[in-house]
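Summary of the model geometry
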Amino acid sequence: MDWNAIYPGPEAPTAEQLSAYVSDPLWDELNRWIGQTFSLSPLCTYSRCSMGRGWNVKYRAGGRALCTLYPAAGAFACLVTAPAQAEALLPALSEYTRGLWYAAKPMNSVRWLSLEISSPQVLEDVKALLLLKQKPKYAGQA
């Protein structure tokens, strides 16, 4: 069943409901990694945008978007704006991610990449791109 039909609003789905719907261990791994690495909590928001109508999960740091996760049945996508310096990472990224990079036109020195997280390699690509955007926050730091 369509995600938008299951949770039409106004009440947001819980983290457990999101995880059960996506039903992909990479979803849980990415959410856990973002929370631990950047000390961020997810914000579940309802979107009417063309990228993914319905509930999505946003991570914001200092008032700026780190990334947005779009849940789907058995899958999910991550929208990340990749800064120009991400080009230096390209040799280490998957062929899939490199293809998205070259297909995306730069806008204000960033490229908008919507990555289908379908493998551990693409998940690692997303992590590398997020680390370029935001410095990690470690336990004990203010």
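Here we summarise the structure given alongside this text.

Conventions we followed
- Residues numbered from 1 in each chain as written.
- Predicted model: local features only at pLDDT ≥ 70, side-chain atom pairs only at ≥ 80, totals over all residues.
- Heavy atoms only, no water.
- Salt bridge = Lys/Arg side-chain N within 4 Å of Asp/Glu carboxyl O.
- Helix = DSSP H or I, 4+ residues; strand = E, 2+ residues; numbered from the N terminus.
- Buried < 20%, exposed > 50% of the residue type's maximum accessible area, 1.4 Å probe, protein only.
- Core = buried A, V, L, I, M, F, W, Y, C linked by side-chain atoms within 4.5 Å.
- Contact = heavy atoms within 4.5 Å.
- Polar contact = N/O pair within 3.5 Å; in protein donor to acceptor, adjacent residues only side chain to side chain.
- 1 Å grid on protein atoms, 1.4 Å probe; cavity = no way out; pocket = protein on both sides within 12 Å on 5 of 7 lines; lining within 4 Å.
- Points joined across faces, edges and corners; volume = space filled by probe spheres on them.
- Phe/Tyr/Trp six-rings, centres within 6.5 Å; stacked < 30°, edge-to-face > 60°.
- Disulfide = S-S within 2.5 Å.
- Pairing = 2+ DSSP bridges.
- Axes fitted to C-alpha atoms, helices over the stretch in contact; angles between N-to-C directions.

**Some words on the pattern of salt bridges**
- Scanning the entire structure with this criterion turns up 2 salt bridges.
- Glu29 is the salt-bridge partner of Lys127, the closest N and O atoms lying 3.1 Å from each other. Of this pair, Lys127 sits in helix H5 (residues 120–133) while Glu29 sits in helix H3 (residues 25–38), and the two are 98 residues apart along the sequence.
- On the basis of relative accessibility, which here comes to 29%, the residue Glu29 falls in the partly exposed class.
- A salt bridge links Lys127 to Glu124; its shortest N-O distance comes to 3.3 Å. Of this pair, Lys127 and Glu124 both sit in helix H5, separated by 3 residues, roughly a single helical turn.
- Overall, the relative accessible area of 9% leaves Lys127 in the buried class.
- Overlapping salt bridges, with partners in common, bring together Glu29, Glu124 and Lys127 in one network.

**Thoughts on the nonpolar core**
- Core analysis: the biggest nonpolar cluster contains 32 residues, and Ile34, Ile117 and Leu130 have the highest contact counts within it.
- If you list the elements that add at least two residues to this core, you get helix H2 (15–22), H3, strand E2 (54–61), strand E3 (64–72), strand E4 (75–83), strand E5 (110–116) and H5.
- With 6 residues, H3 is the largest single contributor of residues to this core.
- Discounting chain neighbours no more than four positions away, the residues touching Ile117 are Asp24, Leu26, Phe76, Ala77, Cys78, Val122, Leu123 and Val126.

**Thoughts on the side chain of Thr97**
- The residue Thr97 is located in helix H4 (residues 95–103) in this model.
- A distance of 3.1 Å separates the side chain of Thr97 from the side chain of Ser94, its partner in a polar contact.
- Residues within four places of Thr97 in sequence aside, it is in contact with Leu115, Val122, Asp125 and Leu129.

**Examining the layout of surface pockets**
- What the largest pocket holds in volume is close to 250 Å³.
- What lines the largest pocket is simply Ala61, Gly62, Arg64, Ala65, Leu66, Thr81, Pro83, Val110, Lys133 and Gln134.
- Secondary structure elements with two or more residues in the lining of the largest pocket: E3 and E4.
- Counting residues per element, the lining of the largest pocket draws most heavily on E3, at 3 residues.
- For the second largest pocket, the calculated volume is near 210 Å³.
- Residue lining of the second largest pocket: 15 residues in total, with Ala15, Leu18, Asn31, Pro42 and Tyr59 positioned closest to the centre.

**Some words on the packing of aromatic side chains**
- A complete count under the given rule lists 3 aromatic pairs for this structure.
- Each ring, one from Tyr46 and one from Trp55, has its centre 5.3 Å from the other, and the planes form 75°; the classification is edge-to-face.
- Accessibility expressed as a relative area gives 24% for Tyr46, which makes it partly exposed.

**Comments concerning the state of the cysteines**
- Enumeration over the complete set of coordinates arrives at 0 disulfides.
- Note on Cys78: no disulfide assigned, nearest cysteine sulfur contributed by Cys67 at a separation of 4.1 Å.
- With relative accessibility at 0%, the residue Cys78 sits in the buried group.

**Digging into the sheet that holds E4**
- Within the open sheet, the 5 strands sit side by side as E1-E2-E3-E4-E5. Their pairing is antiparallel. Only two strands of the sheet have a single neighbouring strand rather than two, namely strand E1 (43–47) and E5. Averaged over neighbouring strand pairs, the angle between their axes works out to 30° when direction is ignored.
- Sheet analysis places E2 next to E3, joined by 5 bridges and oriented antiparallel. The residue of E3 that forms the bridge with Ala61 is Arg64.
- The sheet contacts of H5 involve E3, E4 and E5, and relative to E4 the element is tilted by about 35°.

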